[in-house]
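Take a look at the letters that make up each chain.
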Amino acid sequence: MSLEALTAQGWRAERHTLTAAQTYLWGILFALPFVLLAGGLYRMLLLERAVLLDHTSLILLAVLAVSLPLHEALHGLGWKLAGRLGRGEVSYTFRRGLPMCACRAVLSVKAYLSGTLLPFLVLGGGSCIFLLLCPGTISVLAVLVNLILPGADLVIAWRVLRSGASMVADSPDQAGFIALKRNIGPAV
């Protein structure tokens, strides 16, 4: 069912969006504990067997070039599978030169969180495993990128849980979501 149809049936919609500055600041703050944990483990346990390479900037660009589209594709895959969505309900676009994914359907909180957190779990978790197996420049940069990129997703997931929403719609134009809550009628 669409957002408009639900609001017409009496559901209350509350926007929970972040500005660009909030997205970056809160995203980094929410990701920081995970980055520090991975960095600390690397420094304490893995540095002696690390394969360190030159051309760090090029490696970082390559990691970003692979991680950004995968990150967005995982959002779409998570929403599509968890929400059992049909064709056209998840869209992929480029905005300001970056890949973006948006869900056009209203989802249960669980389905929305599945799509929101899938990049953190798959790319962040996978990068941590890669770091443990093959410590070095590439794996450190992969962990750094793949734990910081979903920082804003962690903020959004936290805000979804705090919102008291029954259902959630992805915000089409900003980082964030629209919480749908049942209207409680006047007391009789």
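Calculation notes
Residues numbered from 1 in each chain as written. Predicted model: local features only at pLDDT ≥ 70, side-chain atom pairs only at ≥ 80, totals over all residues. Heavy atoms only, no water. Helix = DSSP H or I, 4+ residues; strand = E, 2+ residues; numbered from the N terminus. Buried < 20%, exposed > 50% of the residue type's maximum accessible area, 1.4 Å probe, protein only. Lys, Arg positive; Asp, Glu negative; His and termini not counted. Salt bridge = Lys/Arg side-chain N within 4 Å of Asp/Glu carboxyl O. Polar contact = N/O pair within 3.5 Å; in protein donor to acceptor, adjacent residues only side chain to side chain. Patch = residues over 30% accessible without salt bridge, like charges linked within 9 Å, V, L, I, M, F, W, Y side chains within 5 Å. Areas by Shrake-Rupley, 256 points an atom, 1.4 Å probe, with all protein chains shown as cover. Contact = heavy atoms within 4.5 Å. UniProt positions renumbered as here; feature names shortened; annotations may be inferred. Core = buried A, V, L, I, M, F, W, Y, C linked by side-chain atoms within 4.5 Å. Expected span 1.5 Å × (residues − 1).

**A closer look at the side chain of aspartate 153**
Next, step 1: As for its placement among the helices and strands, aspartate 153 is situated in helix α6 (residues 151-163).
Next, step 2: Buried and unpaired, aspartate 153 has no salt bridge, with arginine 159 as the nearest side chain of opposite charge at 12 Å.
Next, step 3: Looking at aspartate 153, its side chain comes within polar contact range of the side chain of histidine 75, at 3.1 Å.

**Some remarks on a nonpolar patch on the surface**
Next, step 1: There is a patch of nonpolar side chains on the surface, built from Leu25, Trp26, Leu29, Leu32 and Leu36 and spanning about 490 Å² of accessible area.
Next, step 2: With respect to the helices, strands and loops of the structure, leucine 36 is situated in helix α2 (residues 20-46).
Next, step 3: Of the residues examined, leucine 36 reaches a relative accessible area of 56% and is grouped as exposed.

**Here we look at the side chain of aspartate 170**
Next, step 1: Here aspartate 170 lies in strand β5 (residues 167-170).
Next, step 2: Comment: no salt bridge for buried aspartate 170; closest opposite-charge side chain is arginine 95, at 8.5 Å.
Next, step 3: Here the side chain of aspartate 170 touches cysteine 103 through a polar contact of 3.2 Å, landing on its backbone nitrogen.
Next, step 4: A polar contact of 2.9 Å, which involves the side chain of aspartate 170, links it to the side chain of tyrosine 112.
Next, step 5: Setting aside anything within four residues of it in sequence, one finds aspartate 170 in contact with Trp79, Cys101, Ala102, Cys103, Tyr112, Gly176 and Phe177.

**Structural notes on the UniProt feature "transmembrane region" (unreviewed entry) in the chain**
Next, step 1: With numbering matched to this structure, UniProt assigns "transmembrane region" (unreviewed entry) to residues 24-45, 52-70 and 120-149.
Next, step 2: Annotation note: span residues 24-45, helix share 100%, strand share 0%, distance between end C-alpha atoms 30 Å.
Next, step 3: Annotated as residues 52-70, this span is 79% helix and 0% strand, and its ends, taken at the C-alpha atoms, are 25 Å apart.

**A look at the nonpolar core**
Next, step 1: One finds Trp79, Leu85, Leu107, Tyr112, Val160, Val168 and Phe177 to be the most contacted residues of the largest nonpolar core, which totals 20 residues.
Next, step 2: Filtering out sequence-adjacent residues up to four positions away, leucine 107 remains in contact with Trp79, Gly83, Leu85, Tyr112, Met167 and Val168.

**A word on α6**
Next, step 1: Relative to the 18 Å expected for 13 residues at 1.5 Å per residue, α6 spans 18 Å between its end C-alpha atoms, a close match to the ideal helical length.
Next, step 2: Buried within α6 are the following residues: Gly151, Ala152, Asp153, Leu154, Val155, Ile156, Ala157, Val160 and Ser163.
Next, step 3: Glycine 164 sits one or two positions beyond α6 and adopts a positive phi of about 75 degrees.

**Re the pattern of salt bridges**
Pairs can form between side chains of opposite charge whenever their charged atoms are close.
Next, step 1: For the structure on display, the rule yields 3 salt bridges.
Next, step 2: Between lysine 181 and glutamate 14 there is a salt bridge, with the nearest N and O atoms lying 3.0 Å from each other. On the criterion of sequence distance, the pair formed by lysine 181 in strand β6 (residues 175-182) and glutamate 14 in strand β1 (residues 11-18) is long-range, its members being 167 residues apart.
Next, step 3: With a relative accessible area of 15%, lysine 181 lands in the buried category.
Next, step 4: Among the ionic contacts, a cluster of salt bridges with common partners joins Arg12, Glu14 and Lys181.

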